[in-house]
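Residue-level structural notes
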Amino acid sequence: MPPVAFIIFSVIMLVFGVLVVVNRNPVASALSLVVSFLGLAALFVSLDAYFVGVVQILVYAGAVMVLFLFIIMLLDLKAEARRKINVVPMIGGCVLTAVLVLQLVSVLNTFEPGKKSLVEAPLDYAAAAAARPAVPEGKSDTIKRDLRENKLPDVRLLGEQLFTKFPFHLQIAGVLLLVSTVGVVILSKRELK
Amino acid sequence: MPSTPAIILFLPLAVAAFVLLASKGFKLNATVCALVSTASVAITLVLSLALIFGAKSDSPDEVVKLFTWADFGSLQLEINATLDRLSRGMLFVVTFIGTLVHVFSLGYMKDDAGKARYYAGLSLFMFSMTGIVLADNFAMMFIFWELVGVSSYILIGHWYTKDSAADAAKKAFLTNRIGDFGFMIGILILFGATGSITFAGVEQGLTAGVLTGGLLTAATLCIFCGAVGKSAQFPLHVWLPDAMEGPTPVSALIHAATMVAAGVYMLVRVSFLIGVSENAATIIAYVGGFTALIAALMATQQDDIKRILAYSTLSQLGYMVMAVGLAAGEAAMFHLFTHAFFKALLFLGSGAVIYACHHEQDIWKMGGLKDKMKGTFATFAIGTAALIAVPFTSGFFSKEAILEAALHHDMLLFLCAAGVALLTAFYMTRLVVVAFFGKARTGHSDHATEVPMIMLAPLMLLAFLSIFSGYSIIADTLSPAAVHSEFNLAIFLTSLGALIAGAGGAWILYAGKDKDPLNIGIFRNKFYFDELYSVIIKFAQDKFAMVVSAVDDLFIDSLCVNGISRAVNGFGLLLRRLQSGNLQGYAFVFGLGILVILYIALINT
Amino acid sequence: MVTLNAYLLVSGLLFAIGFAGVLLRRNIIIIFMCLELMLSASNLSLVAFSRFNTVNGLPNYNGQILVFFIIAVAAAEVAVGLAIIVALFRARRTTHVEDMNSMKG
C-alpha cells in the first residue's frame with residue numbers, strides 16, 4: 001500500500017474519531033464511529049490482515065453500531081442541550097491527552113525496531129510453504145497449496161492457529177458470549193423477579 | 001493392687017475430695033468427715049511404718065514408678081516414689097505429726113463452723129507433702145511444692161472472715177511465690193544444662209561436669225531460693241510469723257514440723273548440687289546462720305505465744321539450713337526429725353493453752369497456768385527442754401551435731417550458733433515463766449482448766465518422742481538420718497553454758513514480773529522488716545507501676561490502640577474526598593496513573 | 001514506505017482521541033463509543049506488530065488471534081454495557097454521568 005492511501009485512511013479514521021467526540025448528537029457520533037471503523041478496517045487490510053479487517057466491519061460497523069443506534073433510538077436521545085462547560089475537567093482532560101500524545105511521540109522516537117518499513121518485512125510465501133510440516137499420505141495441505149500459488153490463505157492460517165494452539169481460549173470466549181447473552185436478557189427484563 | 005507408696009500418696013487426695021464433696025453435696029456430718037480424714041492419715045502412718053520396717057538395712061534405694069503425668073517426647077514428667085532412708089524417715093515424720101495433729105484437731109476444732117473444710121485442707125496438705133517427700137524429679141517436686149503452698153494458703157486463711165487471717169494467707173502465698181520463681185528458674189537452668197529433670201539424671205550430668213562455675217552457683221542459689229521461700233529464711237522469712245493466724249494445729253503441722261521443713265528436705269535431696277558448688281554452699285550456710293540469729297533476737301521480745309514459737313521455728317530452720325550449707329545434711333535432717341516432734345509439741349501445747357484461755361494468745365495475759373493445766377505444763381516443759389537443748393533430750397543431740405559441723409567448718413558460724421542457743425534458752429524460759437508461773441493476770445487464765453484427753457494424748461506422745469527420739473534406738477530406725485557425734489567437751493560446755501546463761505538470765509529477769517522489764521523496740525518490731533518491705537514496695541513498686549501505667553496510657557493506649565484507630569479514621573476521612581462519585585473524575589485519576597506508570601516504565605530508564 | 005512507527009503513532013492518536021472522549025463527554029453512550037475507539041486503537045497496534053514481526057515469511061498470527069478475542073469480548077461487553085445503560089436509563093431517566101453519583105462517599 002502506498003503511503004498516500006495510508007495517509008488518506010489514517011486521516012479519515014482520526015478525523016471521524018474526533019467527530020465522535022465532538023458531535024453533540026449521539027446519532028451523528030455513532031455514524032462517525034462507523035466511518036472511523038471503516039478507515040481502521042482499511043488499515044487492517046493494508047497490513048495483510050484481511051480477516052481481521054472484514055471482522056472489524058462485520059462486527060463493529062455492522063452489529064455493534066446497529067446495537068448502539070438501536071439503543072440511542074430506544075432511549076430517544078436528542079442532541080444534548082448546552083450545559084455549562086466545566087472548565088477544570090475540560091482543561092484536565094485535554095492536558096492529560098496531550099501528555100499522553102507527547103509520551104507516545106517521545107517513545108516512538110527512540111523505538112528503533114519501529115523504524116523498519118513494510119518492505120523490510122516482506123512476506124515470503126515460498127519460505128512459508130517450505131516450513132510447513134509434512135502431512136500424512138492421502139491428505140492435502142491446502143494452506144501449502146495456496147502458499148505455493150503465491151496467495152495468502154489468511155483465514156486458513158488464523159483458523160489453524162485458533163483451533164490448534166488456542167482451542168481452550170476459544171471455548172472460554174464462547175462461554176463468555178453465552179453468559180453475556182443471558183446477562184443481557186436478564187438485565188433487559190422489565191422487572192427482576 | 002496399688003503399691004504402698006501409691007496409697008500413701010493418693011489416699012489423702014481421695015479423702016480430701018470425698019470430704020469436700022460429701023460435706024457440701026450430701027450434707028454429711030462434719031464430725032464424720034473429720035473422723036474419715038483422721039482415719040486416712042492414720043492408715044498412711046501405718047503404711048509408712050510398714051515401709052520403714054519392711055526395708056532391710058541393706059535394701060537398695062529404689063524408685064517406684066507410679067505413672068507418667070505428661071510425655072513430651074524426650075521429656076517425661078513422671079509421678080514416682082523414691083524410697084530411701086531419707087524419704088522413709090521423712091514420710092514417718094509427716095504422717096506421724098499429721099496423725100497427731102488430726103487427732104488434736106478433733107478437740108481443738110470441735111465447734112468450728114468450717115470443720116469439714118478444715119479437714120479437707122489438712123488432707124490436701126498431707127497429699128502435697130507426701131508428694132514432695134516421694135518426688136524423684138524436680139518437676140514432681142515443683143508440682144507438689146506449689147500444692148503445699150496452696151494448701152497452706154487454704155489453711156492459714158481458714159478463718160477468712162477475719163481480715164488479718166486473709167491477709168496473712170495472701171502474704172504467705174505471695175512471699176512463697178517469690179521463692180518458687182527462683183526455684184523454677186533453677187530447675188530450668190539444670191534442665192537446660194543436663195537435659196534431665198530427675199535427681200539422678202541431674203546428678204549424673206553434674207558428675208560429668210556439664211555445668212560449672214558461675215552458672216552452677218546461680219542454679220544452686222536459684223534452687224535454694226525455693227527453700228528460702230518455703231522454709232522462711234531471710235529475706236523471705238516475713239510470712240511465717242503472720243501465718244500464725246491459722247488454727248494452732250495447722251501451725252504445728254505446717255508451720256513448724258513439716259511444710260517449712262520441706263525446704264530443708266529438698267536441700268538435702270539435692271545435696272549433690274550443694275556439694276559441688278562451694279560458693280553457693282557458703283552463702284546458704286550464712287543465710288541460715290543469719291536467719292537463726294535475727295529470728296532468735298526477734299523472738300525475745302514477742303508477746304504472742306504463737307509468734308514466739310514461730311520465730312523459734314525460723315531460728316531452728318536457720319540452724320538446719322546452715323547445717324546443709326556446711327555439708328552436714330545428715331545433721332540437718334536429724335535436727336529436722338527431732339525438731340518436728342518438740343516443735344509440734346510446743347505448738348500443740350500452745351494450742352491447748354490458747355484453747356483453755358478462750359483464744360487468748362498474749363502471754364502477759366496468762367500466768368499461773370502450771371497448777372491449772374498440769375498435763376499441758378509438763379509436756380510443754382519437756383518440749384521447751386528439748387528445744388533449748390537440755391542435755392539428754394533429743395534436741396540436745398541434734399543441736400550438738402550441728403554445732404559440731406559449724407565448729408569444724410567456720411568459727412564465725414559456730415559463735416553465731418552458740419549465740420542462738422543462748423537466745424533460744426532465754427526466750428523459751430521467758431515464755432514458760434511468764435505464761436505458766438506467777439499468778440493469773442486475767443480472768444481468762446484464772447478460769448483455765450485442763451484440756452480434754454483427746455488433746456492431751458497427742459501431747460504426751462510427742463513429749464515422749466521429744467525426749468527419746470534422739471537416742472539411737474529410735475533415731476536409727478525411724479529418722480531420715482541419725483548422727484552420733486563423738487563427745488566433744490568444747491561443744492558440750494558451750495552448749496551447756498549457753499543454756500544456763502540464757503535460761504538463768506530469763507528466770508532472773510522475768511520471774512514474778514507482770515510486764516516486760518525489757519523493751520527493745522528493734523526486736524519487738526522484727527527489725528522493721530515488714531516496714532522496710534512495705535517501703536520498698538511503696539517506693540519501688542508504686543513508681544514502677546506508675547511508669548508502666550504511663551507507658552500504657554501514653555504509648556500503648558494512645559499511640560498503639562487509639563492511634564491506629566485514629567490513623568485509620570483520618571485516612572478514611574481523607575480518602576472519602578476522593579470518592580467523588582464522579583465517573584470522569586475516576587477516569588481522570590486512572591489515566592493519570594497510567595501516564596505515571598508509562599513515564600517510569602518507558603521513559604525514565 | 002510506511003513504517004511500523006507510523007502505524008503505532010496513528011494507533012496511539014486514535015487511543016488518545018478515545019481517551020479524551022471518555023474524559024470530556026458527559027453522555028454515557030458517547031463515553032461507551034469512545035471506549036470502543038480505544039479498544040480498536042489497541043487492535044491496530046496489535047495487528048501492526050503482527051505484520052511487522054514475520055515468522056517464516058508470514059505474519060505472526062498470535063497477534064491477530066488476540067485481536068480476534070478482543071473483538072469477541074468487546075461484542076459481549078457492548079451487549080452487556082448497553083443493557084446496563086438501558087436499565088440505568090429506566091431507573092434514572094438520564095444518560096448523563098454527572099447525574100449518577102450515588103457512589104459519592
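Below you will find a few notes about this structure. (Residues numbered from 1 in each chain as written. Chains lettered and ligands numbered in written order. Predicted model: local features only at pLDDT ≥ 70, side-chain atom pairs only at ≥ 80, totals over all residues. Heavy atoms only, no water.)

Here's the deal with the overall build of chain B
Test applied: Only DSSP runs of H or I reaching four residues or more are called helices, and only runs of E reaching two or more are called strands; each is numbered from the N terminus. Exposed residues in this analysis have more than 50% of their type's maximum accessible area, buried residues have under 20%, and partly exposed residues fall in between, with area computed by a 1.4 Å probe over protein chains only. Here, residues are in contact when the closest pair of their heavy atoms is within 4.5 Å. Here the open area of atoms and residues is found with the Shrake-Rupley method and a 1.4 Å probe, where only the protein chains shown may cover a residue.
Scanning chain B from N- to C-terminus turns up 26 helices and two strands. Residues counted as buried form 55% of the 605 residues belonging to chain B. Across chain B, contacts joining residues at least 24 apart in sequence account for 80% of those joining residues at least 6 apart. By element, 69% of the accessible surface of chain B is carried by carbon and sulfur atoms, the whole surface being about 24400 Å².

So, the overall build of chain A
Of regular secondary structure, chain A possesses eight helices and zero strands. Of the regular secondary structure in chain A, the N- to C-terminal order runs α-α-α-α-α-α-α-α. A buried classification covers 37% of the 193 residues belonging to chain A. Across chain A, every contact between residues at least 6 apart in sequence was considered, and the portion connecting residues at least 24 apart equals 48%. A total accessible area of about 11300 Å² is found for chain A, and carbon and sulfur atoms account for 70% of it.

A look at the packing of helix α13 (residues 278-299) of chain B against helix α19 (residues 411-436) of chain B
All names here are of chain B. Put simply, the rule reads: Fitting a line to C-alpha atoms yields each axis, with helices limited to the stretch in contact; the angle taken between N-to-C directions then spans 0 to 180 degrees. Roughly parallel means an angle under 35 degrees; roughly antiparallel, over 145; roughly perpendicular, 65 to 115; everything else is oblique. Handedness of a crossing follows from how the near helix is turned relative to the far one, being left-handed for an anticlockwise turn of less than a right angle and right-handed for a clockwise one. Polarity classes work like this: nonpolar for Ala, Val, Leu, Ile, Met, Phe, Trp, Tyr, Cys and Pro, charged for Asp, Glu, Lys and Arg, and polar for all others, with Gly in that last group.
Where α13 contacts α19, the axes come no closer than 9 Å and their chain directions differ by 25 degrees. Between α13 and α19, the interaxial angle falls into the category roughly parallel. Judged by the sense of rotation from one axis to the other, the crossing of α13 with α19 is left-handed. Between α13, through Ala285, Tyr286, Gly289, Ala292, Leu293, Ala296, Leu297 and Ala299, and α19, the contact on the second element is made entirely by Leu412, Leu413, Cys416, Val420, Leu423, Tyr427 and Arg430. The class makeup of the residues in the contact of α13 with α19 is 13 nonpolar, one polar and one charged.

Notes on the interface of chain C and chain A
Note the cut-off: Here's the idea: put two parts together, see how much 1.4 Å probe accessible area each one loses, and the total over both is what we call buried area. In what follows, salt bridge is the name for a side-chain nitrogen of Lys or Arg lying within 4 Å of a carboxyl oxygen of Asp or Glu. Definition of a polar contact: a pair of N or O atoms within 3.5 Å, with one able to donate and the other able to accept a hydrogen when the atoms are protein atoms, and with sequence-neighbouring residues admitted only if both atoms are side-chain atoms.
Tallying the contact residues gives 73 residues for chain C and 90 residues for chain A. Both faces combined, the contact of chain C with chain A buries some 7200 Å², and carbon together with sulfur accounts for 76% of it. Where chain C meets chain A, there are one salt bridge. The partner of Arg51 of chain C in a salt bridge is Asp48 of chain A, and the shortest N-O contact between them spans 2.6 Å. Linking chain C to chain A there are 18 residue pairs in polar contact (both at pLDDT 80 or more). When residues of the side of chain C that touches chain A are traced back to their parent elements, those giving at least two are α1 (4-24), α2 (28-52) and α3 (61-92) of chain C. If you tally residues by element for the side of chain C that touches chain A, the top one is α3 of chain C, at 24 residues. Counted by class, the side of chain C that touches chain A contains 52 nonpolar, 14 polar and seven charged residues.

Observations regarding a nonpolar patch on the surface
All names here are of chain B. Condition: Within this analysis, patches are made of residues with over 30% relative accessible area and no salt bridge. Like charges are joined at 9 Å or less; nonpolar side chains (Val, Leu, Ile, Met, Phe, Trp, Tyr) at 5 Å or less.
On the surface, Val547, Val551, Leu554, Phe555, Ile556, Leu559 and Val561 cluster together to form a nonpolar patch covering roughly 660 Å² of accessible area. The topology assignment puts Leu554 in helix α25 (residues 529-578). Classification of Leu554 by relative accessible area gives exposed; the value is 63%.

A look at the interface of chain A and chain B
One widely used convention gives an interface's size as the accessible area the parts lose upon coming together. Each partner contributes to the interface: chain A provides eight residues, whereas chain B provides eight residues. Contact with chain B buries area across many residues of chain A, yet Leu96, Gln103 and Val107 of chain A alone supply 73% of it, more than any other trio. Connecting chain A to chain B are zero salt bridges. Scanning the region where chain A abuts chain B turns up one residue pair in polar contact (both at pLDDT 80 or more). Each residue belonging to the side of chain A that touches chain B can be placed in one class, and the counts come to four nonpolar, four polar and no charged.

Remarks on the packing of aromatic side chains
Describing an aromatic ring pair means giving the distance of the ring centres and the angle of the ring planes. Residues and elements named next belong to chain B. Heads up, the rule is: Geometry of aromatic contacts follows a simple scheme: Phe, Tyr and Trp rings, the Trp one being its six-membered ring, pair when their centres are within 6.5 Å, and the pair is stacked under 30 degrees between planes, edge-to-face over 60, tilted otherwise.
Under the counting rule described, the total for this entry stands at 33 aromatic pairs over all chains. When the centroid spacing of 5.7 Å and the interplanar angle of 50 degrees are considered together, the rings of Phe142 and Phe183 count as tilted. Residue Phe142 is located in helix α5 (residues 138-156), and its partner Phe183 is located in helix α6 (residues 163-194); the two are separated by 41 residues in the primary sequence. A residue is classified by how much of its surface remains accessible, and Phe142, at 17% relative accessible area, is buried. Ring plane angle 50 degrees and centroid distance 6.0 Å describe the contact between Phe392 and Phe396, whose orientation is recorded as tilted. By relative accessible area, which is 5% here, Phe396 ends up buried. An aromatic cluster is built from Phe392, Phe396, Phe397, Phe464, Phe468, Tyr471 and Phe492, whose rings are joined through pairwise contacts.

Here's the deal with the pairing of strand β1 (residues 62-72) of chain B
Residues and elements named next belong to chain B. Put simply, the test is: At least two DSSP bridges between two strands are required for those strands to pair.
Of the pairings in the sheet, the one linking β1 to strand β2 (residues 75-83) comprises nine bridges and is antiparallel in character. In the sheet register, Thr68 faces β2, and the bridge partner there is Glu78. Two successive antiparallel strands, β1 and β2, enclose a turn made up of two residues, where Gly73 displays a positive phi of approximately 70 degrees.

Considering the environment of Ile97 of chain B
Residues and elements named next belong to chain B. Examined against the element boundaries, Ile97 turns out to sit in helix α3 (residues 85-108). By relative accessible area, Ile97 is classed as buried at 1%. Separated by 361 residues in the primary sequence, Ile97 and Pro458 place their C-alpha atoms 9.1 Å from one another. Non-local contacts of Ile97, meaning those with residues more than four positions away in its chain, are made with Phe92, Leu253, Ala257, Ala340, Phe341, Ala344 and Leu462.

Section: α5 of chain B
Our working rule: By definition here, a helix of n residues has an expected span of 1.5 Å times n minus one.
In this model α5 of chain B runs 26 Å from its N-terminal to its C-terminal C-alpha over 19 residues, within 8% of the 27 Å that 1.5 Å per residue would give. With 14 of 19 residues buried, α5 of chain B lies mostly within the body of the structure.

Thoughts on helix α10 (residues 248-257) of chain B
Burial within α10 of chain B is extensive, with 10 of its 10 residues counted as buried. Burial in α10 of chain B covers these residues: Thr248, Pro249, Val250, Ser251, Ala252, Leu253, Ile254, His255, Ala256 and Ala257 of chain B.

Brief notes about the environment of Ala405 of chain B
All names here are of chain B. For Ala405, the location among the structural elements is in helix α18 (residues 394-409). Separated by 77 residues in sequence, Ala405 and Ala328 have C-alpha atoms that sit 6.4 Å apart. If sequence neighbours within four positions are ignored, Ala405 has contacts with Leu326 and Ala328.

Examining the environment of Ala262 of chain B
Tracing the backbone shows Ala262 of chain B in helix α11 (residues 259-269). Placed 172 residues apart in sequence, Ala262 of chain B and Met90 of chain B show a C-alpha to C-alpha distance of 9.4 Å.

Regarding the side chain of Asp146 of chain A
Residues and elements named next belong to chain A. Counting through the fold element by element, Asp146 comes out in helix α6 (residues 142-148). Within the structure, Asp146 has its side chain in polar contact with the side chain of Arg156 (distance 2.3 Å). Leave out the neighbours within four places in its chain, and Asp146 touches Lys151, Pro153 and Arg156.

Overview of the pattern of salt bridges
Counted according to the given criterion, the structure contains 16 salt bridges over all chains. The salt bridge partner of Asp146 of chain A is Arg156 of chain A, with a shortest N-O separation of 2.3 Å. You can see Asp146 of chain A sitting in helix α6 and its partner Arg156 of chain A sitting in helix α7 (residues 154-165), a full 10 residues away along the chain. For Arg177 of chain B, the salt bridge identified is with Glu146 of chain B, shortest N-O distance 2.1 Å. Note that Arg177 of chain B is positioned in helix α6 and Glu146 of chain B in helix α5, a separation of 31 residues in sequence. For Arg177 of chain B, a relative accessible area of 29% translates into the label partly exposed. Look at Glu146 of chain B and you get buried, because its relative accessible area is 19%. Three or more residues are tied together by salt bridges with common partners; here these are Arg132, Asp141 and Glu160 of chain A.

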